[in-house]
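Here are the chains, one letter per residue:
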Amino acid sequence: MRVLILYETRRGFTLTVARAIRDELQRRGILATTAPLRSVDDGTVVAADALIVGTWVKGAIVAGVGPALGVQEGIARLPSLEGKRAAVFCTCDVAPRNTLDVLAVWLRRRGAEVTVGETFKRRKSLRQVPRFVDVVLEAFARAQANA
Ligand SMILES: Cc1cc2nc3c(=O)[nH]c(=O)nc-3n(C[C@H](O)[C@H](O)[C@H](O)COP(=O)(O)O)c2cc1C
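Summarised in this report is the structure supplied together with it. All values derive from a computational prediction rather than experimental measurement.

Details of helix α4 (residues 99-109)
Thinking step 1. Looking at α4, one finds that the buried residues are Thr99, Leu100, Leu103, Ala104, Trp106 and Leu107. Summarising the axial view, the buried residues of α4 lie within an arc of 160°, below the 170-degree limit, and thus occupy one face.
Thinking step 2. Its buried side turned inward, α4 meets β3 (50-60), β4 (63-67), α3 (71-77), β5 (85-92) and β6 (113-121).
Thinking step 3. Phi turns positive, to about 105°, at Gly111, one or two residues after α4.

Spelled out as structure tokens, the structure:
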């Protein structure tokens, strides 16, 4: 299984989480790569069996909170995601509000089957990565069995 991790980062923490997820998948013998959501090439997306898409959370803490600017356009520009299993994650300082749901809706509109999501707050949340990878792999296996 080839897993592609797409990320939107501003100061680098979302990229750090994306790389930690990639490294954890690779430790388990899975082909995993990272690429920036807005400049990934079509061939890389087409070659992936499954996607993990992550964004930082942008807003004014309570108002207008959601995926970072450019994420919706980035997803719209991807080739068809029909038949691809997907998971989502976000990074934030306070609260993601409905960021993961919004991200999942955008990906589902492109045909992806989004099953699970996770929020990472600040550095110590990197400890959540192995558990998130467990959950993602279980969900991907279930989705494949149901396909
Ligand atoms: C302009 C701006 C708006 C933000 N708005 C929120 C917010 O509404 N809620 C929140 O929890 N974090 C908010 N954050 C924090 C970022 O989502 C968080 O630091 C994130 O991990 C940054 O990821 P990055 O290092 O990949 O850019 C905001 C950060 C910036 C720069």
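Brief notes about the site of the ligand
Thinking step 1. Residues in contact with the ligand amount to 18 residues; listed here are only the nearest, Arg10, Thr14, Trp56, Gly59 and Cys92.
Thinking step 2. Only α1 (13-27), β3 and β5 provide two or more residues apiece to the shell around the ligand.
Thinking step 3. Take the shell around the ligand: its biggest share by element is 5 residues, from β3.
Thinking step 4. Classifying every residue of the shell around the ligand by side-chain character gives 9 nonpolar, 5 polar and 4 charged.

Some thoughts on the packing of α1 against helix α5 (residues 129-146)
Thinking step 1. With their axes 10 Å apart at the nearest point, α1 and α5 run at an angle of 65° to one another. With respect to the hand of their crossing, α1 and α5 are arranged in right-handed fashion. Touching Ala20, Ile21, Glu24 and Leu25 of α1 are Val129, Pro130, Phe132 and Val133, all from α5.
Thinking step 2. Here the contact of α1 with α5 is built from residues that sort into 7 nonpolar, no polar and 1 charged.

Examining the nonpolar core
Thinking step 1. Ranked by internal contacts, the top residues of the largest apolar core, which has 45 residues, are Ile21, Leu51, Ala86 and Leu107.
Thinking step 2. Setting aside residues up to four positions removed in sequence, Ile21 forms contacts with Ile5, Ile52, Val129, Phe132 and Val133.

About the cut-offs
- Residues numbered from 1 in each chain as written.
- Predicted model: local features only at pLDDT ≥ 70, side-chain atom pairs only at ≥ 80, totals over all residues.
- Buried ≥ 20, exposed ≤ 12 C-beta atoms within 10 Å, placed from the backbone.
- Helix = DSSP H or I, 4+ residues; strand = E, 2+ residues; numbered from the N terminus.
- Arc of directions from axis to C-beta.
- Contact = placed C-beta atoms within 7 Å.
- Near = placed C-beta within 6 Å.
- Nonpolar A, V, L, I, M, F, W, Y, C, P; charged D, E, K, R; others polar.
- Axes fitted to C-alpha atoms, helices over the stretch in contact; angles between N-to-C directions.
- Left-handed = near helix turned anticlockwise from the far one by under 90°.
- Core = buried A, V, L, I, M, F, W, Y, C linked by C-beta atoms within 7 Å.

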